[in-house]
Amino acid sequence: MFDWNDLRFFLELQRSGRLLTAARRLKTTHATVARHIEAIEKSLGTALFVQHAQGYELTPAGEALLKHAEAMENVALLAEEELTHSAAPLGKIRLGVAEGLGVMFLAGRMGGLFERYPGLEVELVAVPRFVSILNREAEISIHLERPCVDQLVTRKLTDYRLALYASRSYLARTPAIEKREDLAAHAWVDYVDDLLFSQELKLLSSFCRNPRVVFHSTSVIAQHQAARSGLGIAVLPCFMAAADPDLVPLLPEESIQRSYWISSRRELHKSVRLRVLWDYLVELCAKEQRLLLGHHTNPSR
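Residues numbered from 1 in each chain as written. Predicted model: local features only at pLDDT ≥ 70, side-chain atom pairs only at ≥ 80, totals over all residues. Heavy atoms only, no water.

1. Quick word on the overall build of the chain
Going by this rule: Put simply, DSSP marks the helices as runs of H or I at least four residues long and the strands as runs of E at least two long, and each gets a number from the N terminus on. The buried label goes to any residue with under 20% of its type's maximum accessible area, the exposed label to any with over 50%, and the partly exposed label to all in between, with areas taken from a 1.4 Å probe on protein chains only. Here, two residues are considered to be in contact whenever any of their heavy atoms come within 4.5 Å of each other. Accessibility throughout is a Shrake-Rupley quantity obtained with a 1.4 Å probe, and a residue counts as covered only by protein chains that appear here. For the charge count, each Lys or Arg is scored as positive and each Asp or Glu as negative, with His and the chain ends excluded. For this purpose, a charge sits on NZ of Lys, CZ of Arg, CG of Asp or CD of Glu.
In terms of regular secondary structure, the chain is built from eleven helices and ten strands. Sorting the 301 residues of the chain into buried and exposed places 48% on the buried side. In the chain, of all internal contacts separated by at least 6 residues, the share reaching a separation of at least 24 is 75%. Roughly 15,400 Å² of accessible area belongs to the chain as shown, and the carbon and sulfur atoms make up 53% of that amount. In the chain, which carries 36 positive and 36 negative side-chain charges, the distance between the mean positions of the two groups comes to 2 Å.

In structure tokens, the structure reads:
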């Protein structure tokens, strides 16, 4: 029988794909990770990984072991939660979310959660990419597209609306925008096309056939700031731009509706701390529907 502790190293190398990354996450050295992998391979009498230029990939034997290792990890996590909940209620939970929603909407609206559950600790991973639940980057993840994976519990979190915005300074020095056809004469702010992490972010073609993009960024927050500074027109979520006094909405009838989807691993969905955060997010988005759907207006305009 192999040492069960070796499975932690096996799982981390499978998720990260590289010895150095796995070592950093486990707070150890790459030599230690390699030693634990060698130990479990020797015990089982088979190779679990094959090394390529891109990193480590599982062999068929490794794939077979993976599902059992993950099942053992899940049992350990649930046992830990059950045993520690009475002594230290709730604890830490990690939420992965797209950057715009995480930074510009959720981060400033979490106070009510901690008032209800002072024993909860939330790690918000808000980045311009998908955060993987299956690779344990987070326990709850909010996506731009609905994940179609059997291991996940998924539901629609909310619809939201995106619209056209530009700064007052930009509009003061450029031709008037009264109809869709006028947009072709203007400068635009957009994503870096070949670095899009979701096709849901291909937005400009819905408004302008051949947009003249002058500024690209992988970050929607950077696009927001670029539009505020007067670089051009940006397609922004209404919850980000509607209350910004420096931005003016353009062509109110021209907008796009999209959805956010919330997911967790099926076997962990009964976790108390996970359900507390999950239910709060669902409740919060239902409460803020007017803002998310672009019905909020800035009183200063």
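2. Considerations on the domain arrangement of the chain
Note the threshold: Residue ranges for the domains originate in an automatic or database domain assignment. Note on definitions: buried area is the accessible-area loss of two parts on being combined, 1.4 Å probe, summed for both. Salt bridge, as used here: a side-chain nitrogen of Lys or Arg that lies within 4 Å of a carboxyl oxygen of Asp or Glu.
The domain architecture assigned to the chain consists of domain 1 (4–84), domain 2 (91–159 + 260–293) and domain 3 (160–258). One C-alpha centre belongs to domain 1, the other to domain 2; they are set 27 Å apart. With eight residues of domain 1 in contact, the opposing surface of domain 2 contributes eleven residues. Both sides of the domain 1 and domain 2 interface together cover about 820 Å² of buried area, and 42% of this is carbon and sulfur. At the boundary of domain 1 and domain 2, one finds one salt bridge.

3. Description of the sheet that holds strand β3 (residues 91–98)
Strand pairing in a sheet relies on backbone hydrogen bonds. The paired strands run either parallel or antiparallel. The line we're drawing: Any two strands between which DSSP finds at least two bridges are classified as paired. The axes are straight lines fitted to the C-alpha atoms, using for helices just the contacting stretch, and the angles between their N-to-C directions are given from 0 to 180°.
The mixed open sheet is built from eight strands, whose spatial order is β4-β3-β5-β10-β6-β9-β7-β8. Each of the sheet's edge strands pairs with one partner strand only, and the pair in question is β4 (120–127) and β8 (212–216). The mean angle between the axes of side-by-side strands here comes to 30°, regardless of whether they run parallel or antiparallel. As paired elements, strand β6 (residues 152–167) and strand β9 (residues 233–237) share four bridges and run antiparallel to each other. Residue pairing across strands places leucine 162 opposite proline 237, the latter belonging to β9. In this fold helix α5 (residues 99–106) packs onto β3, β4, β5 (140–143) and β10 (247–265), with an angle of close to 115° to the strand it touches most, β3.

4. Some details on the confidence of the model for the chain
In plain terms, the rule: Scored from 0 to 100, pLDDT reflects the predictor's confidence in each residue.
Across the chain, the average pLDDT comes to 88, with 93% of residues at 70 or higher. Low confidence marks residues 297–301, where pLDDT is under 50. Its contacts with residues over four positions away, or in another chain, come to twelve contacts.

5. Comments concerning the UniProt feature "domain: HTH lysR-type" (unreviewed entry) in the chain
Selection criterion: UniProt positions are given in the numbering used here, feature names are shortened, and annotations may be inferred rather than shown by experiment.
The sites that carry the UniProt feature "domain: HTH lysR-type" (unreviewed entry) are, in the present numbering, residues 2–59. Between the C-alpha atoms that bound residues 2–59 the distance is 18 Å, and the span itself is 59% helix and 14% strand.

6. Considering the pattern of salt bridges
Under the criterion given, the structure shown has 15 salt bridges. Its salt-bridge partner being arginine 275, residue aspartate 279 comes within 3.0 Å of it at the nearest N-O pair. Of the two residues, aspartate 279 and arginine 275 are both situated in helix α10 (residues 272–287); the distance of four residues between them amounts to about one turn of the helix. Given a relative accessible area of 28%, arginine 275 falls into the partly exposed group. Each of Lys92, Arg94 and Glu123 takes part in salt bridges that share partners, so that together they form one network.

7. Observations concerning the environment of glutamine 223
Within the secondary structure, glutamine 223 is located in helix α8 (residues 220–228). Contact partners of glutamine 223, with chain neighbours within four places excluded, come to Val189, Asp190, Tyr191, Ser217, Ala234 and Leu236.

8. As for the packing of aromatic side chains
Going by this rule: Aromatic contacts are taken between Phe, Tyr and Trp rings whose centres are within 6.5 Å, Trp giving its six-membered ring; a plane angle under 30 degrees counts as stacked, one over 60 as edge-to-face, and the others as tilted.
In total, this model carries five aromatic pairs according to the counting rule given. Here the aromatic rings of phenylalanine 10 and phenylalanine 49 are separated by 5.5 Å at their centres, their planes lie at 55°, and the arrangement is tilted. Of this pair, phenylalanine 10 sits in helix α1 (residues 6–16) while phenylalanine 49 sits in strand β1 (residues 49–52), and the two are 39 residues apart along the sequence. Residue phenylalanine 49 is classed as buried on the basis of its relative accessible area, which comes to 10%.

9. Some points on the side chain of arginine 273
To keep it simple, the criterion reads: Think of a polar contact as two N or O atoms within 3.5 Å of one another; within protein, one of them needs to be a possible hydrogen donor and the other a possible acceptor, and neighboring residues in sequence only count if both atoms come from side chains.
Looking at the element boundaries, arginine 273 is found in helix α10. Overall, the relative accessible area of 13% leaves arginine 273 in the buried class. A polar contact is formed between the side chain of arginine 273 and the side chain of glutamate 139, at a distance of 2.6 Å.

10. Observations regarding helix α3 (residues 30–44)
Heads up, the rule is: One less than the number of residues in a helix, times 1.5 Å, gives the span that helix is expected to have.
Its 15 residues place the ends of α3 21 Å apart at the C-alpha level, agreeing with the 21 Å of an ideal helix rising 1.5 Å per residue. If you check which residues of α3 are buried, you get Thr32, Val33, Ala34, His36, Ile37, Ile40 and Glu41.

11. Comments concerning the nonpolar core
In a soluble, globular protein the nonpolar side chains are often hidden away together inside. How we decide: Note on terminology: a nonpolar core comprises buried Ala, Val, Leu, Ile, Met, Phe, Trp, Tyr and Cys residues joined through side-chain atoms within 4.5 Å.
Phe105, Leu106, Ile142, Leu164, Trp188, Ile233 and Phe239 are the most contacted members of the largest nonpolar core, which totals 64 residues. Among the nonpolar cores identified, the runner-up in size contains 20 residues, and Phe10, Ala22, Leu66 and Ala69 belong to it.

12. Regarding the environment of glutamine 14
Mapped onto the fold, glutamine 14 is located in helix α1. Residues glutamine 14 and asparagine 135, 121 residues apart in the sequence, show an inter-C-alpha distance of 8.5 Å. Those residues in contact with glutamine 14, other than ones at most four positions away along the chain, are Phe49, Leu58 and Leu66.

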